Amino acid sequence: MNKPRKPSVPPEQVTDRLFATERRPEDFRFDASVARVFPDMIRRSVPGYTTIIPMIEVITEQYAQPGSHCYDLGCSLGASTLAMRHGIPHRDCILVGVDNSEAMIERCEHYIALDDNNLPVTLRCEDILDTELSSASVTTLNFTLQFVDPDQRAGLLTRIAKATRPGGVLILSEKIRFETESEQAIQTRLHHEFKRANGYSDLEISQKRTAIEQVLIPETLAAHKERLQAAGFDQVLIWYQCFNFVSMLAIKANTPDTD
Ligand SMILES: C[S@@+](CC[C@H](N)C(=O)[O-])C[C@H]1O[C@@H](n2cnc3c(N)ncnc32)[C@H](O)[C@@H]1O
Ligand SMILES: O=C(O)C(=O)C[C@]1(C(=O)O)C=C[C@@H](O)C=C1
């Protein structure tokens, strides 16, 4: 959608009550009912989300290169896409948002059109495992990799690293798991307390936990760092952590290796 159009009816902000009443256990999916409540759901479920989004703008401003591609993989309703759009200082950058949920992309188009920045955004409804990537300076995976089949993650990260220009970055935000059972238990409890403080009931917390168990597969920080390095990134650092949610910056060195 290269020409943003102003929609007559903006998407409404709806409170997430999807797990508030007892329901048949079913794997979590990014369908229309989730897309409808998603801004409220992610803000109340992910500690630090409301800090991470504006920081994606700050990081993008630092690393976006003239004439490059910037990708937001798993863009949902475009919160991270819009942060990138506002951070990109070059008019000739091409910003691409990708998501395989039709319900998300449909609503995302509205949010992009409502935004007053006019850098063109291309939205693609496709699997990020199939997205062609090239000449990238900033790529974002903001809580998306955790939903990708673990066997496919290394291949995807290698393609991203290969497509990234020297000096370019990947912003990778994930729910993580911990090396020891003791830390896992403490961080999980704190995450659940965060949800409680945001108005979720024990029933909502436990039903959501069951729904995401088979579809959101968290890994340790060590596993993430090792794989990012093996994929071709030269430096990996953590720029944000709150409980079991982290955001990493994977950087391609400015001078490519010659050997
Ligand atoms: C937690 S949401 C991402 C939130 C978003 N980046 C933000 O900052 O608001 C994960 C998104 O990834 C998408 N997704 C998961 N696996 C995908 C895949 N293989 N290809 C494309 N999109 C995928 C889902 O449809 C969902 O919209
Ligand atoms: O771990 C949880 O309980 C979550 O709800 C996390 C999470 C995520 O990290 O993406 C899971 C699904 C929704 O997309 C919103 C939040």
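Okay, so let's go over this structure. (Residues numbered from 1 in each chain as written. Chains lettered and ligands numbered in written order. Predicted model: local features only at pLDDT ≥ 70, side-chain atom pairs only at ≥ 80, totals over all residues. Heavy atoms only, no water.)

## Describing the site of ligand 2
Every one of the 15 residues lining ligand 2 counts as a neighbour, but Phe30, Gln146, Lys175, Lys195 and Lys208 are closest to it. In the environment of ligand 2, an oxygen atom lies 3.1 Å from a nitrogen or oxygen atom belonging to the side chain of Gln146. Residue Lys195 places a side-chain N or O atom 2.5 Å away from an oxygen atom belonging to ligand 2. Surface burial for ligand 2 is 98%, taken as the share of its 360 Å² of free accessible area covered by protein chains. More than half of the atoms belonging to ligand 2 lie within 2 Å of the grid points that define the largest pocket. Breaking the shell around ligand 2 down by element, the ones donating at least two residues are helix 1 (32-45), helix 6 (181-197) and helix 7 (202-212). With three residues, helix 1 is the largest single contributor of residues to the shell around ligand 2. The residue makeup of the shell around ligand 2, split by class, is nine nonpolar, three polar and three charged. (Near = heavy atom within 4 Å. Polar contact = N/O pair within 3.5 Å; in protein donor to acceptor, adjacent residues only side chain to side chain. Areas by Shrake-Rupley, 256 points an atom, 1.4 Å probe, with all protein chains shown as cover. 1 Å grid on protein atoms, 1.4 Å probe; cavity = no way out; pocket = protein on both sides within 12 Å on 5 of 7 lines; lining within 4 Å. Sits in = over half its atoms within 2 Å of the grid points. Helix = DSSP H or I, 4+ residues; strand = E, 2+ residues; numbered from the N terminus. Nonpolar A, V, L, I, M, F, W, Y, C, P; charged D, E, K, R; others polar.)

## Side note on the pairing of strand 5 (residues 164-175)
Burial analysis of strand 5 places 10 of its 12 residues in the buried class, which makes it a mostly covered element. The pairing of strand 4 (residues 136-142) with strand 5 spans six bridges and is parallel. If you follow Thr139 over to strand 5, its bridge partner there is Leu170. Since strand 4 and strand 5 lie parallel, the crossover through helix 5 (residues 150-163) that links them has a hand, and here it is right-handed. Where strand 5 lies against strand 7 (residues 245-251), seven bridges are found, and the strand directions are antiparallel. Looking at the pairing, Leu172 lines up with Met248 of strand 7. (Buried < 20%, exposed > 50% of the residue type's maximum accessible area, 1.4 Å probe, protein only. Pairing = 2+ DSSP bridges. Right-handed = clockwise from strand over helix to strand, strands pointing away.)

## Some thoughts on the packing of helix 6 against helix 7
Angle between the axes and distance between the axes: these two values describe a pair of packed helices. The N-to-C vectors of helix 6 and helix 7 enclose an angle of 130°; their axes lie 10 Å apart at closest approach. Here helix 7 runs oblique to helix 6, going by the angle between their axes. The interaxial crossing formed by helix 6 with helix 7 has right-handed handedness. Residues Thr188, His192, Lys195 and Arg196 of helix 6 touch helix 7, and the partners they reach there are Asp202, Ile205, Lys208 and Arg209. When grouped by side-chain class, the residues that make up the contact of helix 6 with helix 7 number one nonpolar, two polar and five charged. (Axes fitted to C-alpha atoms, helices over the stretch in contact; angles between N-to-C directions. Parallel < 35°, antiparallel > 145°, perpendicular 65-115°, else oblique. Left-handed = near helix turned anticlockwise from the far one by under 90°. Contact = heavy atoms within 4.5 Å.)

Everything listed here is a matter of coordinates, which is why it stays silent on function.
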